[in-house]
Amino acid sequence: MPVAATELTREVVTRLVGAAVMAPSSHNSQPWIFRVRGRCIGVIADRTRALPANDPDDRELTLSCGCALFNMRVAAAHAGLGTRVYGPTGSSDPDCVARLELLADAAPEFVLGHLYEAIPRRRTYRRTFAERPIAGATLEALAAAANSEGAWFHVLQGDSQRRQAAELIAEGDDTQWADPVWRRELAAWMHPRRSGDGLTLPDLAVPLAQAVIRTFDMGHGVAARDVQLADASPVLAVLGTRGDDLASHVEAGQALQRTLLTACQHDLQASFLNQPIEISVLRMRLLQLAGQTGYPQMLLRLGYPDRELPAPPRRPPDAVIEFTSDAPPGTSC
Ligand SMILES: Cc1cc2nc3c(=O)[nH]c(=O)nc-3n(C[C@H](O)[C@H](O)[C@H](O)COP(=O)(O)O)c2cc1C
């Protein structure tokens, strides 16, 4: 429902950030803070939530912030508010990856408003998908969604490409699970639901799962399961960008979220098999396999879910909003 506002009132900020926090993030780390200053919301990378073993360059951390930024654009459009996005340059804070300005005299991005209802429905769906193919026109809509945010979207074709991708995933699993530091970090993000973040398990299972993950290299078992998941997925696709700098990672996050929400509009869900992107030698092999130029940013499996999943936990908007008092409400970015 439209709200009549051209200023970032507390109500508008809560609405936009309420959408932002529903974005996906690696290990559900929610590595973001939203700093409100005048007519601007700065998306600040919260590096206290970084994953140095899984994501040493904070690439996925920035992507996650890009996903959250895109959700704010969708929520603004849905509320009838015009916005403009500024990239990382121009901010005095090196952790500010983007700024969203509310504009009184700009038209809302009407086409994005339709994605609003998909924000709470989107899930990372790690289960086997229904055996139902995805129509070519739907895949074209997903590629168009990624392209409109500056990214490419390549569907891996045929048994050979899919098999090679599955081999890269298995190799990535073996490497990551053999690394005790990587396993310890994963275990540290296994949280009970009440903590509001992390990868959830029932409360009683958390200590056990943490101990098992910390202690045992389960690489081969995980690799076998991931190969099976990849094989059985109606679609495996790579999303990538031309560059690999901070701005490209924000762009990739926005493109990812636009693709995921568009997928959800078509009743599809996705999950990620990013192991070959997280390990640099495998990332180049995946690029060759996709036959693209630039940098793979996400490896997705997509399909029709056969059940609804509960929403994973999130920290509430109030926990991640900072109001600064050094600028009057109308101040621009
Ligand atoms: C940049 C990024 C990387 C991710 N990598 C993986 C991954 O490699 N494997 C996986 O299972 N989920 C991955 N996820 C999904 C997150 O674990 C998921 O978003 C989080 O647990 C919250 O769940 P939700 O997406 O259902 O809201 C990734 C998400 C993002 C944004």
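Residues numbered from 1 in each chain as written. Predicted model: local features only at pLDDT ≥ 70, side-chain atom pairs only at ≥ 80, totals over all residues.

### Here's the deal with the packing of helix 6 (residues 180-188) against helix 7 (residues 205-215)
- Running from amino to carboxyl end, helix 6 crosses helix 7 at an angle of 170°, the nearest separation of the two axes being 8 Å. In terms of their interaxial angle, helix 6 and helix 7 are classed as roughly antiparallel. Packed against helix 6, whose contacting residues are R183, R184, L186 and A187, the element helix 7 presents Q210, I213 and R214 at the interface.
- Among the residues making up the contact of helix 6 with helix 7, the classes are represented as three nonpolar, one polar and three charged. (Axes fitted to C-alpha atoms, helices over the stretch in contact; angles between N-to-C directions. Helix = DSSP H or I, 4+ residues; strand = E, 2+ residues; numbered from the N terminus. Parallel < 35°, antiparallel > 145°, perpendicular 65-115°, else oblique. Contact = placed C-beta atoms within 7 Å. Nonpolar A, V, L, I, M, F, W, Y, C, P; charged D, E, K, R; others polar.)

### Some details on the domain arrangement of the protein
- Per the domain assignment, the segments of the protein are domain 1 (10-120 + 312-323) and domain 2 (136-178 + 217-303).
- A separation of 23 Å is found between the C-alpha centroids of domain 1 and domain 2.
- On the side of domain 2, 17 residues touch domain 1, which itself brings 21 residues to the contact.
- Only helix 2 (59-78) and strand 4 (96-103) provide two or more residues apiece to the side of domain 1 that touches domain 2. (Domains from an automatic or database assignment.)

### Side note on unusual backbone geometry
- Positive phi values are uncommon outside glycine, yet N28 reaches one of about 50°.
- Inspection of the secondary structure assignment puts N28 in the loop between helix 1 (10-20) and strand 1 (32-37).
- Its identity as a non-glycine residue notwithstanding, D58 has a phi of 60°, on the positive side.
- Looking at the secondary structure, you find D58 in the loop between strand 2 (40-45) and helix 2.

### A closer look at the site of the ligand
- In the vicinity of the ligand, 17 residues are found, and the nearest of them are P24, S26, N28, T124 and N274.
- When the residues that make up the shell around the ligand are grouped by side-chain class, the tally is six nonpolar, eight polar and three charged.
- Residue-level mapping places the shell around the ligand at the junction of two domains, with at least three residues from each of domain 1 (10-120 + 312-323) and domain 2 (136-178 + 217-303). (Near = placed C-beta within 6 Å.)

### A closer look at the packing of helix 4 (residues 136-148) against helix 9 (residues 246-265)
- Orientation of helix 4 relative to helix 9, taken along the N-to-C sense of each, is 155°, at an axis distance of 8 Å. Accordingly, the angle class assigned to the pair helix 4 and helix 9 is roughly antiparallel. The interaxial crossing formed by helix 4 with helix 9 has right-handed handedness. Side by side, helix 4 and helix 9 meet where A141, L142, A145, A146 and S148 of the first sit next to A255, R258, T259, T262 and A263 of the second. (Left-handed = near helix turned anticlockwise from the far one by under 90°.)

### A closer look at the nonpolar core
- In terms of nonpolar packing, the biggest core is built from 81 residues, with F34, A68, M72 and L239 touching the most fellow members.
- Broken down by element, this core gets its largest block of residues, 12 residues, from helix 2.
- Both domains that meet at this core, namely domain 1 (10-120 + 312-323) and domain 2 (136-178 + 217-303), each give it at least three residues. (Core = buried A, V, L, I, M, F, W, Y, C linked by C-beta atoms within 7 Å. Buried ≥ 20, exposed ≤ 12 C-beta atoms within 10 Å, placed from the backbone.)

### Some details on the environment of V97
- The topology assignment puts V97 in strand 4.
- Taking the C-alpha atoms as reference points, V97 and G150, separated by 53 residues in sequence, lie 17 Å from one another.
- Those residues within four positions of V97 in sequence are excluded, and the remaining contacts are V43, A45, T62, C65, P88, L246 and V250.

### Concerning the sheet that holds strand 5 (residues 152-155)
- The sheet built from four strands is open, its strands ordered 5-8-10-9 with antiparallel pairing. Edge positions in the sheet fall to strand 5 and strand 9 (269-272), since each has one partner strand and no second. Here the average twist between neighbouring strands, direction ignored, is 35°.
- Pairing geometry for strand 5 and strand 8 (residues 235-241), over four bridges, is antiparallel. Paired with W152 across the two strands is G240, which belongs to strand 8.
- Contacts between helix 4 and the sheet are confined to strand 5 and strand 8, with strand 5 contributing the most and set at about 150° to the helix. (Pairing = 2+ DSSP bridges.)

### Some points on the sheet that holds strand 2
- A sheet is described by the order of its strands in space; here five strands give the open sequence 3-4-2-1-11, paired in mixed fashion. This sheet does not close on itself; its edge strands, each paired only once, are strand 3 (82-86) and strand 11 (321-323). Strand-to-strand twist of the sheet, defined as the mean angle between neighbouring strand axes without regard to direction, takes the value 25°.
- Direction of pairing for strand 3 relative to strand 4: antiparallel, over a ladder of five bridges. Bridged to G82 within strand 4 is L103.
- Together, strand 1, strand 2 and strand 11 form the strand contacts of helix 1, whose direction differs from that of strand 1 by roughly 160°.
- Strands strand 1, strand 2, strand 3 and strand 4 of the sheet are contacted by helix 2, whose axis makes an angle of about 160° with strand 2.

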